[in-house]
Amino acid sequence: MCNRNNTQEGYKLLVKPQAVNVEQAPSLSSKNDKSNAIPWLTTLFLITIIIGLLSFYLAPKKAANATVTQITKDPGSELFVSPSPDGKKVIYIWANNAGRHLYLKELAAPQVPPIQLTITNASYSRAVWSLDQQYIYFYLQLPLSALL
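Description of the structure in this document.

Parameters and conventions
- Residues numbered from 1 in each chain as written.
- Predicted model: local features only at pLDDT ≥ 70, side-chain atom pairs only at ≥ 80, totals over all residues.
- Heavy atoms only, no water.
- Helix = DSSP H or I, 4+ residues; strand = E, 2+ residues; numbered from the N terminus.
- Buried < 20%, exposed > 50% of the residue type's maximum accessible area, 1.4 Å probe, protein only.
- Contact = heavy atoms within 4.5 Å.
- Areas by Shrake-Rupley, 256 points an atom, 1.4 Å probe, with all protein chains shown as cover.
- Pairing = 2+ DSSP bridges.
- Core = buried A, V, L, I, M, F, W, Y, C linked by side-chain atoms within 4.5 Å.
- Salt bridge = Lys/Arg side-chain N within 4 Å of Asp/Glu carboxyl O.
- Phe/Tyr/Trp six-rings, centres within 6.5 Å; stacked < 30°, edge-to-face > 60°.
- Patch = residues over 30% accessible without salt bridge, like charges linked within 9 Å, V, L, I, M, F, W, Y side chains within 5 Å.

## Let's talk about the overall build of the protein
And then number 1: Looking only at helices and strands, the protein has two helices and 10 strands in total.
And then number 2: From first element to last, N terminus to C terminus, the protein shows the α and β order β-β-α-β-β-β-β-β-β-β-β-α.
And then number 3: The proportion of buried residues among the 148 residues of the protein is 15%.
And then number 4: Long-range contacts, defined here as pairs at least 24 residues apart, represent 19% of the contacts in the protein between residues at least 6 apart.
And then number 5: Working note: accessible area of the protein is about 12,800 Å², and carbon and sulfur atoms make up 61% of it.

Here it is as structure tokens:
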């Protein structure tokens, strides 16, 4: 314990120092503590590697014999394709220089052109089918000027 002495520069000890036996003094880092940490860290590292490998090998794999079928020949990009629950139709957003619109395509009749479902130039999100295939749900974002 120290106290600042106002008359002189420096500190004055209030308690007389006592010798400490080195063998009884607690150690901040002993060799024994470090040697116990190494097996734990090694075990933790190995468990992490095993979990990573298991999650990699048990993850669902892509089908090896999957085929890609072109359903449109229009210039532009077909985005967010969503097949109907029965697999007979798809809805998608077609983006080209004129804008982005939602389209419906019959897969059983590839020669029939897709049906345009929207006419407003807006931002459309991924469309989804209702389970009974009666409705299509999508998010439409219009500019504020279109609402006024």
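## Here we look at the sheet that holds strand S5 (residues 99-106)
The strands making up a sheet are joined through hydrogen bonds of the backbone, oriented either antiparallel or parallel.
And then number 1: The strand order across the open sheet built from four strands is S3-S4-S5-S6, with neighbouring strands paired in antiparallel fashion. Single-partner strands in this sheet number two, and they are strand S3 (77-83) and strand S6 (115-116).

## Remarks on the nonpolar core
And then number 1: With eight residues, the main nonpolar core is built from Ile91, Ile93, Leu102, Leu104, Ala122, Tyr124, Ala127 and Trp129.
And then number 2: Those elements giving two or more residues to this core turn out to be strand S4 (89-96) and S5.
And then number 3: Non-local contacts of Tyr124, meaning those with residues more than four positions away in its chain, are made with Ile93, Arg100, His101, Thr118, Ile119, Phe138, Tyr139 and Leu140.

## Re the pattern of salt bridges
And then number 1: Counted under the stated rule, the structure contains one salt bridge.
And then number 2: Residues Lys89 and Glu106 are paired through a salt bridge, measuring 3.9 Å at the closest nitrogen-oxygen approach. Highlighted residues: Lys89 in strand S4 and Glu106 in strand S5, separated in sequence by 17 residues.
And then number 3: Taking the relative accessible area as the measure of exposure, Lys89 reaches 28% and is therefore partly exposed.

## Digging into the packing of aromatic side chains
And then number 1: Considering all chains together, one arrives at four aromatic pairs under this definition.
And then number 2: Each ring, one from Tyr135 and one from Tyr137, has its centre 6.5 Å from the other, and the planes form 35 degrees; the classification is tilted.
And then number 3: Members of the aromatic cluster, connected to one another through ring pairs, are Tyr92, Trp94 and Tyr103.

## Side note on a nonpolar patch on the surface
And then number 1: Together, Phe45, Leu46, Ile49, Leu53, Phe56 and Tyr57 line one region of the surface with nonpolar side chains, adding up to about 680 Å² of accessible area.
And then number 2: Counting through the fold element by element, Phe45 comes out in helix H1 (residues 31-58).
And then number 3: The exposed category is assigned to Phe45, whose relative accessible area is 54%.

## Comments concerning the pairing of S3
And then number 1: Bridge count between S3 and S4: five bridges; the pairing is antiparallel. Its bridge partner being in S4, Pro83 is matched across the sheet by Val90.
And then number 2: Taking the residues that link successive antiparallel strands as the turn, the S3-S4 hairpin has five residues, and the phi of Gly87 there is positive, at about 80 degrees.

## Examining the environment of Pro114
And then number 1: Mapping Pro114 onto the fold places it in the loop between S5 and S6.
And then number 2: In this structure Pro114 comes out as partly exposed when scored by relative accessible area, which is 22%.
And then number 3: Between the C-alpha atom of Pro114 and that of Tyr92, which follows or precedes it by 22 residues, the distance is 9.8 Å.
And then number 4: Setting aside its immediate chain neighbours within four residues, Pro114 contacts Asp74, Tyr92, Tyr103, Leu104 and Lys105.

## Concerning the side chain of Ser82
And then number 1: Relative to the assigned elements, Ser82 resides in strand S3.
And then number 2: Here Ser82 is in contact with Lys89, Val90, Ile91, Ala127, Val128 and Trp129, once residues within four sequence places are set aside.

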